[in-house]
Amino acid sequence: MYAYSLLDDCVLLYPVYALLFSDAGLSVAQISSLFVLWSLTGIVLEVPSGALADAVSRRLLLWTGPLLTAAGFALWTVAPSYWTFALGFVLWGAKGAFGSGALEALVYEELSHLGAADRYAHVMGRARAAALVGVMTATALAGPVLGAGGYGVVGAASVGACVLTAAVAGRFPEHRDRETKAATDAVPTPASEDSSPGWAASLRAGLSEARSNQTVRGALLLVPAVTAVWGALDEYTPLLVREAGATDTEVPWWLLLIWVGATAGSLLAGSLRGLGTAGFAALLACAGAALAAGAALPAAGLPLPAGVALVALAFCAFQLTTVLADTRLQNSITGPSRATVTSLAGAATELTTVTVYGTYGLLASTTTHGTTFAVFAAPYLLTALMLACKRPGPGEDT
């Protein structure tokens, strides 16, 4: 699991693909349209792929997905153009949808099979930390490799990383519970859907659980509330740091500090997996306050290191709450369509993220990046307040 997470994000194209697009002659509007296509692909495929994972095999989707991105990155490298970039993003979006829901469901149920479901937060926290190490490694290597061999070598290394990820995914165990499978197949299927009864039954079972189970619904909605905003803001942190006074050559080093904070949050998840709703709300409120303060400090004339340190602290808490929110969701699911329910949370996160991108673009065009970051601390403070005032439902932590 840790090797899979590290290799999946140790892709040298990630830090430089925007440069590849620009050097290929694409305008900013064209590049933005690629990002929108990427997000829309994930949104459209998210829930159907989750149902497919429940009906067929989670492992199958986890090793197929990286091969799709390998094909896309190969196209980018061999024949760079707007349309090959677009096709690559469609393949990349499909890969993301294949893994979202399937990965969490496989890990949780394999741990449950071993009698260790309570280790889920610990395992996923370390896996997310491994992914961040992969990001940092790719960021450190991308510049030297690009300088030495150009986009061809960077692309070849990226394709290789994807193939290795698929090979590791093929080693995952998968013990599907026969009773769970039977429960899924027992859901009535209309005659018009006879061609894929397993998929249709999985989809209906997941939608039904999310709709009818209050605890599952609350846990599902908490995932995008915690994950989407900071996940989108991460794309703009280089602009925030440069605006605060860092030179272009210094920006990666300050970003490294922020990623170290997020990595620490991942590693803390196992120790704090029993955090109740009140503690979760307090942690989220502190994260929002740290984000607002860190973004505002440079504008107030205070040192850049203090501002970046506070943003890193906020990202540490955001990453921690992201893992804990996912753990709450997995613990609340009792039906057979775990990947489908988790994919619903993923789809909600993608939709919210697209909204954040659009809102950020509007705000940042009229004010500073620091002010925009501070504004986006408000949703976290509001979510924390709602959690603090919420009465726990049956089976929920206090």
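Residues numbered from 1 in each chain as written. Predicted model: local features only at pLDDT ≥ 70, side-chain atom pairs only at ≥ 80, totals over all residues. Heavy atoms only, no water.

Section: the overall build of the chain
Applied cut-off: Only runs of H or I of at least four residues qualify as helices and only runs of E of at least two qualify as strands under DSSP, and these elements are numbered from the N terminus. Each radius of gyration is computed over the set of C-alpha atoms, and the globule rule expresses the reference value as 2.2 Å times the number of residues to the power 0.38. Any residue under 20% of the maximum accessible area for its type is buried, any over 50% is exposed, and the rest in between are partly exposed; the area is computed with a 1.4 Å probe on protein chains only. We call two residues contacting when some pair of their heavy atoms lies within 4.5 Å. In short, Shrake-Rupley with a 1.4 Å probe defines the accessible areas, and a residue's cover is counted only from the protein chains shown. Asp and Glu count as negative and Lys and Arg as positive, but His and the ends of the chain are not part of the count. Positions of charges follow a simple convention, taking NZ of Lys, CZ of Arg, CG of Asp or CD of Glu.
Helix and strand counts for the chain come out as 17 helices and zero strands. Relative to the 2.2 N^0.38 estimate, which gives 21 Å for 398 residues, the radius of gyration of the chain is 21 Å and therefore close to what a compact globule would have. Put simply, the chain has 398 residues, and 48% of those count as buried. Residue pairs in contact within the chain that sit at least 24 positions apart in sequence constitute 81% of those at least 6 positions apart. A total accessible area of about 17,100 Å² is found for the chain, and carbon and sulfur atoms account for 67% of it. Treating the 19 positive side-chain charges of the chain as one cloud and the 25 negative ones as another, the clouds have centres 7 Å apart.

Remarks on the packing of helix α4 (residues 58-78) against helix α5 (residues 82-99)
Selection rule: As a rule, the C-alpha atoms of each element are fitted with a line to give its axis, helices using only the stretch in contact, and angles between N-to-C directions run from 0 to 180 degrees. Working rule for angles: under 35 degrees goes down as roughly parallel, over 145 as roughly antiparallel, 65 to 115 as roughly perpendicular, anything else as oblique. The crossing is said to be left-handed when, going from far helix to near helix, the turn is anticlockwise and less than a right angle, and right-handed when the turn is clockwise. Here the term charged refers only to Asp, Glu, Lys and Arg, the term nonpolar to Ala, Val, Leu, Ile, Met, Phe, Trp, Tyr, Cys and Pro, and the term polar to all other amino acids, Gly among them.
Running from N to C, α4 and α5 cross one another at 165°; their axes reach a closest spacing of 8 Å. One element, α4, and the other, α5, form an angle in the roughly antiparallel class. When you trace α4 past α5, the crossing you get is left-handed. Here L61, L62, T64, G65, P66, L68, T69, A71, G72, F73, L75 and W76 of α4 lie close against α5, whose contacting residues are T84, F85, L87, G88, F89, L91, W92, A94, K95, F98 and G99. Partitioning the contact of α4 with α5 into residue classes produces 15 nonpolar, seven polar and one charged.

Focus on the pattern of salt bridges
For clarity, the cut-off: The working definition used for a salt bridge is a side-chain nitrogen of Lys or Arg within 4 Å of a carboxyl oxygen of Asp or Glu.
Considering all chains together, one arrives at four salt bridges under this definition. D54 is paired through a salt bridge with R58; the nearest N and O atoms lie 2.5 Å apart. The buried category is assigned to D54, whose relative accessible area is 1%. One salt bridge connects R58 with E109, and the closest N-O pair in it is separated by 3.0 Å. Residue R58 is located in helix α4, and its partner E109 is located in helix α6 (residues 102-113); the two are separated by 51 residues in the primary sequence. Note on accessibility: R58 and E109 belong to one class, buried. Connected via shared salt-bridge partners are D54, R58, E109 and R338.

Points about the packing of helix α12 (residues 251-268) against helix α14 (residues 304-332)
The interhelical angle for the contact between α12 and α14, taken along N-to-C directions, is 30°, at an axis separation of 7 Å. By the angle class used here, α12 and α14 are roughly parallel. Our pair here, α12 against α14, has a crossing hand that is right-handed. For the pair α12 and α14, the contacting residues are W254, L257, I258, G261, A262, A264, G265, S266 and L268 in the first and L304, P305, V308, A309, V311, A312, F315, C316, Q319 and L320 in the second. Class assignment for the residues of the contact of α12 with α14 results in 15 nonpolar, four polar and no charged.

Focus: the confidence of the model for the chain
Keep this limit in mind: pLDDT runs from 0 to 100 and stands for how confident the predictor is about each residue.
In the predicted model, the chain carries a mean pLDDT of 86, and the fraction of residues at 70 or more is 91%. Every residue in residues 178-196 scores below 50 in pLDDT, and together they form 20 contacts with partners more than four places removed in sequence or on other chains.

Things to note about the environment of V356
Summarising the element assignment, V356 is placed in helix α15 (residues 338-364). Using a relative accessible area of 5% as the deciding quantity, one classes V356 as buried. When neighbours within four sequence positions are excluded, V356 is seen to be in contact with V229, A232 and F376.

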